[in-house]
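# Breakdown of the fold
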Amino acid sequence: MAKYIFVTGGVTSSLGKGIIAASLAKLLQARGLTTTIQKFDPYINVDPGTMNPYEHGECYVTEDGAETDLDLGHYERFLNIHTTQANNVTTGSIYQTVINRERAGDYLGKTVQVIPHITDEIKRRMKLLGDSNKYDVILTEIGGTVGDIESLPFIEAVRQLQWEMPEEDCLVVHLTLIPYLKAAKELKTKPTQHSVKLLSENGVHPDILVCRTERPLSEEIKRKLALFCNVKQDSVIEAMDASTIYEVPIAMLKEKLDVIVLKKLNITNYNEPELDKWKGFLDKLKHPKYKVTIGLIGKYIELQDAYKSILESFIHAGAMNECKVQVVNVHSEFITEDNVGEKLSELDGLLVAPGFGNRGVEGKIIAVQYARENNLPFFGICLGMQMAAIEFARNVLHIPDANSTEMQPTTANPVIDMMEEQKKITMKGGTMRLGSYPCIIKENSLAFQIYGKTDISERHRHRWEFNNAYLSQFENAGMIASGINPETGLVEIIELPMHPFFIGVQYHPELKSTVENPQPIFVSFIKYAKEFAEAKHSIKNSLLQSEMI
Ligand code: GLN
């Protein structure tokens, strides 16, 4: 029988429920328990796949091809596990199931209502992963903030589950904010008292309060919070702002969050926490010996969440290389032939990001050309790989009108074309080529050197692909397809053997990077960027020396 932990949020959004949930799950996992995390989002979209990154940040894709909330990325990166379609549920998907059932006549004769029909479906989904008997503990993060109209059915479902289950099988962790008022020079507990009151009005009482704060909580403040929020004093947990999210599990360990949870859930069979690998990673992360500057070329750069998994992959790969990765965001819309040198000259590596639509693509193509011609380590992901193919076609194969039919549907030279099976698709949600597909890597390639094997599988999210009608022209001119999907022949990896490090991938390697298993292309990219930086440095030094002579 699985035990359940629900994580709710109060006072304000963006407190980091996902990180707290992932940190707690990490500690339980480190103690030998099997855990997973799921996220319940109150919005009406069936999934976040159709939302603009400005609205919702990155869309994270699971192995089984679900388009999900970016918090699932944190869960995977912390726990080193795979999540699935079942780990992300939205109000939209709940209603879709209930309405489909109603249309099928399953509720014949009945009025379909929020309680019990919607809440029953929420409860069924909350218990779905637990029913598989694979997990000791299931954490469920409830999106939104307590008090939102939209999240009420989820809170009601938690109330009912708590009522249905033995007390020791289920608990609620409430994440809240203790603001510091400069004028009063005081930490304030009132917003937390109000949010706990709101939660209690809906019938759910938190067992543990995790308090985000800029300053340490005194015993007196903890006592006050405990008294007015009606929780035990040892269940008031301080969560001070951390320098990196990867510090949070260690901070929660110090605060004994895991011990309190184990006690409340009456779990007796656990080990001392095994966190050596995690601590080793943190140590390297905090004490880098080298530094590289990587340009991230994208069009959503104002919003860091849009490229969350890429940025986290750099952190993992940086630590692996004992190297601080400074990411410089370069807006692709503002790159021109005239300013490209000035914008990219300080870089040690260039990553052209995934994306959709026309905006900013020409800037991406100019950036790729700069990297190719200047031996700057280059890594293109999805749209970034497609732009690398277009750049090569235009500037090396001399096909000036080469394009993707996504950008120019009538181009005479569609070196990137829509996949055949995509052409008949009319619905937008969940219809791209999604999730994990195999790829066979050619030996004697950069990709083989990176992965160290020929058979890999990576995750995807795209509708366009490299047009194989042009492949022999590309290969004759020096750009090779070093990774191919074995069933369809779809080009998964392109590279330039003449260049020190130039690789473009149709898939999204950033979705599989975890603290314990950094993604190999990122690791290798940083290694080459380090070499590039060192070479630049020694050239500069020898120039200086020769000037001195
Ligand atoms: N827009 C491109 C496609 O659909 C690339 C997608 C992406 O970068 N994820 O093929």
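In this report, the structure presented in the accompanying data block is examined. (Residues numbered from 1 in each chain as written. Predicted model: local features only at pLDDT ≥ 70, side-chain atom pairs only at ≥ 80, totals over all residues. Heavy atoms only, no water.)

## A word on the nonpolar core
One finds Ile 5, Ile 208, Val 210, Met 252 and Val 261 to be the most contacted residues of the largest nonpolar core, which totals 49 residues. With nine residues, helix 1 (residues 17–30) is the single largest residue contributor to this core. Other than its neighbours up to four places away in sequence, Ile 208 contacts Leu 171, Val 172, Val 173, His 174, Ser 235, Ile 237, Leu 257, Ile 260, Val 261 and Lys 264. Residues Leu 350, Ala 371, Leu 383 and Leu 471 belong to the second largest nonpolar core, which totals 42 residues. (Core = buried A, V, L, I, M, F, W, Y, C linked by side-chain atoms within 4.5 Å. Buried < 20%, exposed > 50% of the residue type's maximum accessible area, 1.4 Å probe, protein only. Helix = DSSP H or I, 4+ residues; strand = E, 2+ residues; numbered from the N terminus. Contact = heavy atoms within 4.5 Å.)

## Digging into the side chain of Arg 433
As for its position among the elements, Arg 433 is in strand 18 (residues 433–441). Take Arg 433: its relative accessible area is 6%, and that puts it in the buried class. At 3.1 Å, the side chain of Arg 433 and the side chain of Glu 492 are in polar contact. Other than its neighbours up to four places away in sequence, Arg 433 contacts Met 419, Gln 422, His 460, Arg 461, His 462, Asn 485, Leu 490 and Glu 492. (Polar contact = N/O pair within 3.5 Å; in protein donor to acceptor, adjacent residues only side chain to side chain.)

## Some thoughts on the sheet that holds strand 15 (residues 378–381)
Where strands meet in a sheet, backbone hydrogen bonds hold them as pairs that are either parallel or antiparallel. Strand order across the open sheet formed by nine strands is 13-12-14-15-23-22-21-18-19, with mixed pairing between neighbours. Since the sheet does not close on itself, it has two edges, and those belong to strand 13 (323–331) and strand 19 (455–462), each with one partner. The mean angle between the axes of side-by-side strands here comes to 30 degrees, regardless of whether they run parallel or antiparallel. Bridging between strand 14 (residues 349–352) and strand 15 involves three bridges; their strand directions are parallel. Among the inter-strand pairings, Leu 351 is bridged to a residue of strand 15, identified as Phe 379. (Pairing = 2+ DSSP bridges. Axes fitted to C-alpha atoms, helices over the stretch in contact; angles between N-to-C directions.)

## Notes on the layout of surface pockets
What the largest pocket holds in volume is close to 960 Å³. Lining the largest pocket are 38 residues, and of these Ser 14, Leu 15, Gly 16, Lys 17 and Asp 71 lie nearest its centre. The set of elements that each furnish at least two residues to the lining of the largest pocket consists of helix 1, strand 2 (35–41), helix 2 (53–56), helix 3 (71–79), strand 11 (236–240) and helix 9 (248–254). Examining the composition of the lining of the largest pocket, we find that four residues originate from one element, helix 1, more than from any other. Taken together, the residues of the lining of the largest pocket sort by class into 14 nonpolar, 12 polar and 12 charged. If you add up the space inside the second largest pocket, you get close to 530 Å³. Considering the residues around the second largest pocket, the lining is formed by 25 residues, among which Met 51, Pro 53, Cys 59, Phe 356 and Arg 461 are closest to the centre. Of the residues contributing to the lining of the second largest pocket, the split by class is 13 nonpolar, six polar and six charged. (1 Å grid on protein atoms, 1.4 Å probe; cavity = no way out; pocket = protein on both sides within 12 Å on 5 of 7 lines; lining within 4 Å. Points joined across faces, edges and corners; volume = space filled by probe spheres on them. Nonpolar A, V, L, I, M, F, W, Y, C, P; charged D, E, K, R; others polar.)

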